[in-house]
Amino acid sequence: MAATDFDVPVGLSGDDIPLSVAVNRSPADRRFRLAARASGASTLVVMGLVAVFLAKGAWPALRIAGARFFTRTEWNPDAANGSFGIAAIVWWTVMIALIALLLAVPLAVASALFINEYAPRRLRRALTALVDLLAAIPSLIYGLWGRAFAGDALAGVARWLSRNAGFVPMFDVRGDAYDSSTFVAGVIVALMVLPIATSVMREVFAQTPVAEKEGALALGATRWGMVRAVVLPFGRGGIIGGSMLALGRALGETIAIALIISPKYVVDARVLERGSNSVGALIALKFGEAGSTGLSALLALGLALFAITLVVNFAASFVVARSRSGAGVEA
Amino acid sequence: MTFRTLDRADTVPGSRSAPAPPRASASLEAQSVSAWFGSHKVLERVSLTMSAGGVTALIGPSGCGKSTFIRILNRMHELVPGAMLAGRVLLDGDDVYGDQVQATDTRRRIGMVFQKPNPFPTMTIRDNVLAGLKLTGQATSGRDALVEQSLQRAGLWNEVRNRLDSPGGALSGGQQQRLCIARALAVGPEVLLMDEPCSALDPTSTRRIEETIGEIARDVTVVIVTHNMQQAQRVSDQCAFFLAAEDEPGRIVEAGATAQIFDAPTDPRTADYVHGRFG
Ligand SMILES: Nc1ncnc2c1ncn2[C@@H]1O[C@H](COP(=O)(O)OP(=O)(O)O)[C@@H](O)[C@H]1O
Ligand SMILES: [Mg+2]
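Each chain carries its own residue numbering, running from 1 in the written order of its sequence. Key to labels: chains lettered from A, ligands numbered from 1, both in the order written. Restriction of local features to residues with pLDDT of at least 70 applies here, the model being predicted, together with a cutoff of 80 or more for giving and counting side-chain atom pairs; totals for whole chains, interfaces and linings are based on all residues. Excluding hydrogens and water, the side-chain values take into account all heavy atoms of the structure.

Colleague: Can you help me understand the overall build of chain A in this one?
Modeller: The way it works is that DSSP assigns letters per residue, a run of H or I at least four long becomes a helix, a run of E at least two long becomes a strand, and they are numbered from the N terminus. Within chain A, the secondary structure is distributed over twelve helices and zero strands. Values of the radius of gyration come from C-alpha atoms, whereas the globule rule sets the reference at 2.2 Å times the count of residues to the power 0.38. Taken over C-alpha atoms, the radius of gyration comes to 25 Å for chain A, far larger than the 20 Å a tight globule of 331 residues would show. Overall, chain A is about 80 × 55 × 40 Å in size when its C-alpha atoms are taken along their principal axes. Here chain A holds 331 residues, and 43% of them are scored as buried. The contact rule is simple, with two residues in contact once any of their heavy atoms fall within 4.5 Å. When contacts within chain A are restricted to residue pairs at least 6 apart in sequence, those whose partners lie at least 24 apart make up 72%. Between buried and exposed lies partly exposed: a residue is buried under 20% and exposed over 50% of the maximum accessible area for its type, with that area taken using a 1.4 Å probe on protein chains only.

As structure tokens, then:
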């Protein structure tokens, strides 16, 4: 920061004026700065181009639908008097992601802590490798597995939940179909994002300064006490970062969800009931058969997802930057 | 064990009036302690008695096993993967490595101050002092009095009394180290281990900590590792000289009253070391 950025105190006397320090960078330093800036800028340019492309493609549909694009629940852009809006699709997309996060984040924190703090050293290596391996499994496999095997079991869980806790609006079910639901999709997506979230959190937890951990243990803390007092506060950035990464993937998940859900175009709270929706799945399913308005509408839908993801990520990086592990602050 | 928990509650009185005096100091006796990191043996049959209420200084060149020894005393050694040990450590006559003894209990009774100050940086000064109580689930009534008393004993109260809610990481190095001492004292330990507590500090802070040691030594047994011969002479009444010959584990060459170790050592190597004639 140049010295001139300082607030010059009022009433500076005589020659007591802050120097303006000239920054004299070496050529290597300058080249590096240039390269770093160029690559940083190119990322932004690509993102900008994507947004522009989407916006341009989405424009015709947005003009037809107007503000109701955000409030309508049905999706018939190519019909003669077609009306369409993203309310139901975005609603269910977010619900699936929230269910996934609700399940995956606590599990990921627990797994990461177990691997780092409790597992014996050799098991730790094996588990770390396993988690990374799981993270590499394509989501298609999770979707197939969810549809072919896990779906029935989860439908059973859903039935039990709605019979015993149906008074909770979310657990209410009209009719008797418990498969292909938001809940089933959320659970499968939770399993899908669990490895990457665990992996991110584990790496951050592992950076916790040993001196602080020993400080807690030397006071007589149990391992769990030490984790709570030192590792979790330090790892806050990792927990948030891992969760946001998981959220991003959950919001954008396409094929696994497309395999599991059967589409519905209403907004309600009944997550255990058959039927759900998802931006990614809908785009994948409708893209081939879409007419010109339909295509434009799908692009508008994509643009909406793009905006949601951007907001989520900005919010996350804001929080992460304010936590110790995120900012890399070392006392 | 139950009795211990009850005893300890006494150090945290329910009222805001003057806290009860800390519990009595305990003697610590290492019997034939050996230590390994993996297959590397770093300590060989070290025996040393650290009498209750005394200050014992451990001196010797780097790498001779002083830190390892001190970490064996409060069961921190076993936290290092691959670390092993042999021998016994008696705290008031009871082996801290006994079958019935929990490491967390031992660590609560034998506090530790590390070479590099390690307060919990984002916790407030007050919470740092109280951290041990929370971590060990002890009664936390009379907190304010305990915070004040502990900071007083560590010689930090006057400097921080008006900013108890600012983070511990915002203090200077010397203040952080005294905060760590206060944090260790707040749980009412019978022994306080200090591993080169002043090696990262300026002379003034060092002085303050030496004064603190002089004061707490009345009710806590102190074991301090130091490379500073003057410091050892100033603060300790007992001294043990550790030495590790090349490729050999560390041993105690000589131990005894500080005056004797410095003025009339029996081993020529001790004489060489305390007079600075050592590589
Ligand atoms: N975590 C560790 N892993 C392996 N070896 C260690 C570890 N800590 C210390 N050592 C070895 O143990 C010996 C004694 O070290 P230490 O107790 O730290 O000595 P001092 O405190 O007297 O300088 C040294 O040879 C050191 O290299
Ligand atoms: Mg050492």
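Colleague: How do you make sense of the overall build of chain B when you look at a structure like this?
Modeller: Along its length, chain B carries eleven helices and ten strands. Compactness check: chain B gives a C-alpha radius of gyration of 19 Å against a globular reference of 19 Å for 279 residues, within 12% of the reference. A principal-axis box enclosing the C-alpha atoms of chain B has dimensions of 55 × 45 × 30 Å. The buried share among the 279 residues of chain B stands at 56%. Contacts in chain B between residues far apart in sequence, at least 24 positions, make up 68% of those at least 6 positions apart. Accessible surface, chain B: about 11400 Å² in total, of which carbon and sulfur atoms supply 48%. Separation of charge centres in chain B, based on 29 positive and 31 negative side chains, amounts to 5 Å. To be clear on the numbers: accessible area is Shrake-Rupley with a 1.4 Å probe, and residue cover counts the displayed protein chains and nothing else. For the purpose of counting charges, residues Lys and Arg are taken to be positive, whereas Asp and Glu are taken to be negative. His and the chain ends are not included. Just so you know, the charge point we use is NZ for Lys, CZ for Arg, CG for Asp and CD for Glu.

Colleague: Honestly, the environment of phenylalanine 183 of chain A in this entry has me stumped. Any pointers?
Modeller: Residue and element names in this part refer to chain A. Residue position: phenylalanine 183 is located in helix H5 (residues 182-205). Residues phenylalanine 183 and alanine 100, 83 residues apart in the sequence, show an inter-C-alpha distance of 8.7 Å. Once residues lying within four places of it in the same chain are set aside, the contact partners of phenylalanine 183 are Ile99, Leu154, Val157, Ala158, Val271 and Leu272.

Colleague: Help me understand the sheet that holds strand E5 (residues 94-95) of chain B in this model?
Modeller: Strand pairing in a sheet relies on backbone hydrogen bonds. The paired strands run either parallel or antiparallel. Here a strand pair is declared whenever DSSP counts at least two bridges between the two strands. Here four strands make up an open sheet; going across it, the order is E2-E1-E4-E5 (chain B) and the pairing antiparallel. On the outer flanks of this sheet lie strand E2 (40-50) and E5 of chain B, each paired with one strand and no other.

Colleague: Any chance you could explain helix H5 (residues 143-153) of chain B here in plain terms?
Modeller: Since the α-helix packs 3.6 residues into each turn, any two residues three or four apart lie on the same face. All names here are of chain B. Restricting attention to buried positions, one finds in H5 the residues Ala145, Leu146, Val147, Gln149, Ser150, Leu151 and Arg153. Considering only its buried residues, H5 is in contact with helix H4 (125-135), helix H6 (157-160), helix H7 (173-186) and helix H8 (203-216). Downstream of H5 by a residue or two, glycine 155 has a phi angle that is positive, lying close to 70°.

Colleague: What am I meant to see in the packing of helix H7 (residues 223-234) of chain A against helix H8 (residues 236-252) of chain A here?
Modeller: For any two helices packed against each other, the geometry comes down to the angle between their axes and how far apart the axes lie. All names here are of chain A. Remark: H7 packs on H8, axes separated minimally by 4 Å, with the N-to-C direction vectors making an angle of 50°. The pairing of H7 with H8 is recorded here as oblique in orientation. Of the residues in H8, those in contact with Leu232, Pro233 and Phe234 of H7 are Arg236, Gly237 and Ile239. For this scheme, ten residues count as nonpolar: Ala, Val, Leu, Ile, Met, Phe, Trp, Tyr, Cys and Pro. Four count as charged, namely Asp, Glu, Lys and Arg, and the remainder, Gly too, count as polar. Across the contact of H7 with H8, the residue classes tally to four nonpolar, one polar and one charged. To obtain each axis, a line is fitted to C-alpha atoms, and for helices this fit is confined to the stretch in contact; angles are then taken between N-to-C directions over 0 to 180 degrees. Note that the term roughly parallel is reserved for angles under 35 degrees, roughly antiparallel for angles over 145, roughly perpendicular for angles of 65 to 115, and oblique for everything else.

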